Amino acid sequence: MKSSAVTQNTRNPVLRVAPASPAEAVAHFAASLAFHADVSDVAAALAADGGDGDPGFVVVDSRSTESWDQGHVPGAIHLPTALIPEQAGQLLDKQVPVVTYCWGPGCDGGARAALALAELGYQVKEMLGGFEYWVREGFEFETWAGRERRPADPLTAPVGAEDCGC
């Protein structure tokens, strides 16, 4: 096969634009992992040592109070994006990385919150999938009425296995 820089296949929509070189792919995917964490990894880190251990980061829910009351990640800090400039310094330690989230993949509120925190000097990642995928993967969440858990959606989490193996 030809080098990806010269590969062009106008009839194949996947290869219409050639794949990046391996070196470019390494740089891209390494950078992506520096900016993102998925809900399964966040849940696993929070659950380590029975949930009493220090995962080495804090989780920030950037949604409104009404959204927070509907459900949020247990132990998360409620800090709506609009309040980050005035409240982050009181609620967060700049030495502790922050993982932000919002509703789900159709919402960029977690990215906006991550940007606002990064502009203030925080180390930050965005939790891919947001609260939607937290719930869809079957993890426990808190509401104004207490803790809940829904069955895992088999399209987002493996049935009968601890993790997806990825």
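That block above? That's the structure.
To keep things clear, this report deals only with the structure shown in the data block. (Residues numbered from 1 in each chain as written. Predicted model: local features only at pLDDT ≥ 70, side-chain atom pairs only at ≥ 80, totals over all residues. Heavy atoms only, no water.)

**As for the packing of aromatic side chains**
In step 1: This model, assessed by the stated rule, comprises three aromatic pairs.
In step 2: An angle of 45 degrees between the planes, with centres 5.1 Å apart, marks the rings of Trp 134 and Phe 139 as tilted.
In step 3: An aromatic cluster is defined as three or more aromatic residues linked by ring pairs; in this entry it consists of Trp 103, Phe 131 and Phe 141.
In step 4: Looking at Lys 94, its charged tip hangs above the ring of Tyr 122, at a distance of 5.5 Å from the centre.
In step 5: For the cation-ring pair, Arg 136 lies above Tyr 133, with the distance from its terminal atom to the ring centre recorded as 4.8 Å. (Phe/Tyr/Trp six-rings, centres within 6.5 Å; stacked < 30°, edge-to-face > 60°. Lys NZ or Arg CZ within 6 Å of the ring centre and 35° of its normal.)

**With respect to the layout of surface pockets**
In step 1: Roughly 860 Å³ of volume is contained in the largest pocket.
In step 2: Forming the boundary of the largest pocket are 33 residues, of which Val 39, Ser 40, Ala 43, Ala 44 and Phe 139 lie nearest the centre.
In step 3: Taken together, the elements giving at least two residues each to the lining of the largest pocket come down to helix H2 (39-47) and helix H6 (130-136).
In step 4: Ranked by residue count, the leading element in the lining of the largest pocket is H2, at seven residues.
In step 5: The calculated volume of the second largest pocket comes to roughly 170 Å³.
In step 6: Lining the second largest pocket are Ser 32, Leu 33, His 36, Ala 37, Asp 38, Asp 41, Val 42, Phe 57, Val 99, Lys 125 and Leu 128.
In step 7: For the lining of the second largest pocket, the elements supplying multiple residues, two or more each, are helix H1 (22-35), strand E1 (36-38), H2 and strand E5 (124-128).
In step 8: Here the element with the most residues in the lining of the second largest pocket is E1; it accounts for three residues. (1 Å grid on protein atoms, 1.4 Å probe; cavity = no way out; pocket = protein on both sides within 12 Å on 5 of 7 lines; lining within 4 Å. Points joined across faces, edges and corners; volume = space filled by probe spheres on them. Helix = DSSP H or I, 4+ residues; strand = E, 2+ residues; numbered from the N terminus.)

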